[in-house]
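This is what each chain is made of:
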Amino acid sequence: LVRDIQAGTLPPVVFYKPIGANNQHPGYTEIVTGDKHLAEFVGMLQKSPVWKDTLLIVTYGMTISIVAGCALGVAAAASYGSWLDTVVTGLITLADAIPYFWLGIVLISQFALQHRIFPAVGMVDLSRDPLGAIHSATLPAIALSLSGIAVIGRQLRGALIEQLTSPHVQTL
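This one's a predicted model, so the numbers in the text were calculated from it and none came from an experiment.

### So, the layout of surface pockets
Item 1. Of the voids in this model, the largest pocket is the one considered here, and its volume is about 1,800 Å³.
Item 2. Lining the largest pocket are 49 residues, with Val-14, Phe-15, Ile-57, Val-58 and Leu-144 sitting closest to its centre.
Item 3. Only helix 2 (31-46), helix 3 (51-78), helix 5 (100-114) and helix 6 (130-164) provide two or more residues apiece to the lining of the largest pocket.
Item 4. In terms of residues, the lining of the largest pocket owes the most to one element, helix 3, which gives nine residues.
Item 5. Looking at the lining of the largest pocket residue by residue, the class counts come to 34 nonpolar, 13 polar and two charged.

Have a look at this one:
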């Protein structure tokens, strides 16, 4: 993987999971060790030819996570106890359980191969065609955003409900 990063020959999709002491798993590793490894790994990516595409996909996915997670969290909290709250909470829970790679396969199958809305592989250079680059990064960004949507939505819903049901809010 390191040689592929340095040569710029990474395949269109790569999943990287640190192993051993670098995986940040609670109980048998240290977060500092995993953080150091992650910083070194990102540093290698920053020096590689794939950095621009990686940065676009990650930024796009994070933007989707924030916007959708906040919208779902606010909608669920504003309708606390209603059918909408139940549906949103269920969708958030489901979103957190779906593996990235499986969602990516489903998205490619449906929206790239079957309906031909998005490309199945390849990236468009952001500096040459910004809209084309965003279009080509959409499916991977959606796949990456799902877990973030779930975490942000769940935490925002809980925090808003806690504040909205607290005595200082109820008495006003």
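Further notes follow.
### Quick look at the nonpolar core
Item 1. Counting twelve residues, the largest nonpolar core consists of Ala-76, Val-88, Ile-92, Ala-95, Leu-103, Leu-107, Ala-112, Phe-118, Leu-139, Ala-143, Leu-146 and Ala-150.
Item 2. Contributing elements (two or more residues each) for this core: helix 4 (83-97), helix 5 and helix 6.
Item 3. Element by element, the count of residues in this core is highest for helix 6, at four residues.
Item 4. Ignoring sequence-local partners within four residues, the contact set of Ala-95 consists of Leu-146 and Ala-150.

### Focus: the environment of Ile-108
Item 1. Mapping Ile-108 onto the fold places it in helix 5.
Item 2. By relative accessible area, which is 27% here, Ile-108 ends up partly exposed.
Item 3. In this structure, the C-alpha to C-alpha distance between Ile-108 and Ala-143, residues 35 residues apart in sequence, is 10.0 Å.
Item 4. Once you skip the residues sitting within four places of it in the chain, Ile-108 turns out to touch Leu-113, Ala-120 and Leu-139.

### A word on the side chain of Asp-85
Item 1. For Asp-85, the location among the structural elements is in helix 4.
Item 2. According to the relative accessible area criterion, Asp-85 is buried, its value standing at 5%.
Item 3. Ignoring sequence-local partners within four residues, the contact set of Asp-85 consists of Ala-76, Ser-79, Tyr-80 and Arg-157.

### Here we look at the packing of helix 3 against helix 6
Packed helices, taken two at a time, are described by the angle between their axes plus the distance between the axes.
Item 1. Interaxial distance between helix 3 and helix 6 falls to 4 Å at its minimum, and their mutual angle equals 35°. Regarding helix 3 and helix 6, the two cross each other, and that crossing is right-handed.
Item 2. Looking at the contact of helix 3 with helix 6 residue by residue, the classes come out as 24 nonpolar, eight polar and one charged.

### Quick notes on a nonpolar patch on the surface
Item 1. A cluster of nonpolar side chains, namely Val-13, Phe-15, Val-58, Tyr-100, Phe-101, Trp-102, Ile-105, Val-106 and Leu-144, defines an oily patch on the protein surface of about 880 Å² accessible area.
Item 2. Counting residues per element, the nonpolar patch draws most heavily on helix 5, at five residues.
Item 3. Structurally, Phe-15 can be placed in the loop between helix 1 (2-7) and helix 2.

### Things to note about unusual backbone geometry
Item 1. Residues other than glycine seldom take positive phi values, yet Gln-24 does so here, at roughly 60°.
Item 2. Among the structural elements, Gln-24 can be located in the loop between helix 1 and helix 2.

### Here we look at the packing of helix 3 against helix 4
Item 1. Where helix 3 contacts helix 4, the two axes come as close as 8 Å, and the packing angle between them is 145°. The chirality of how helix 3 crosses helix 4 is left-handed. In this structure, helix 3 contributes Leu-72, Ala-75 and Ala-76 to the contact, and helix 4 contributes Leu-84, Asp-85, Val-88 and Ile-92.
Item 2. Tallied by class, the residues present in the contact of helix 3 with helix 4 amount to six nonpolar, no polar and one charged.

The rules behind the values
- Residues numbered from 1 in each chain as written.
- Predicted model: local features only at pLDDT ≥ 70, side-chain atom pairs only at ≥ 80, totals over all residues.
- Heavy atoms only, no water.
- 1 Å grid on protein atoms, 1.4 Å probe; cavity = no way out; pocket = protein on both sides within 12 Å on 5 of 7 lines; lining within 4 Å.
- Points joined across faces, edges and corners; volume = space filled by probe spheres on them.
- Helix = DSSP H or I, 4+ residues; strand = E, 2+ residues; numbered from the N terminus.
- Nonpolar A, V, L, I, M, F, W, Y, C, P; charged D, E, K, R; others polar.
- Core = buried A, V, L, I, M, F, W, Y, C linked by side-chain atoms within 4.5 Å.
- Buried < 20%, exposed > 50% of the residue type's maximum accessible area, 1.4 Å probe, protein only.
- Contact = heavy atoms within 4.5 Å.
- Axes fitted to C-alpha atoms, helices over the stretch in contact; angles between N-to-C directions.
- Left-handed = near helix turned anticlockwise from the far one by under 90°.
- Patch = residues over 30% accessible without salt bridge, like charges linked within 9 Å, V, L, I, M, F, W, Y side chains within 5 Å.
- Areas by Shrake-Rupley, 256 points an atom, 1.4 Å probe, with all protein chains shown as cover.
- Salt bridge = Lys/Arg side-chain N within 4 Å of Asp/Glu carboxyl O.

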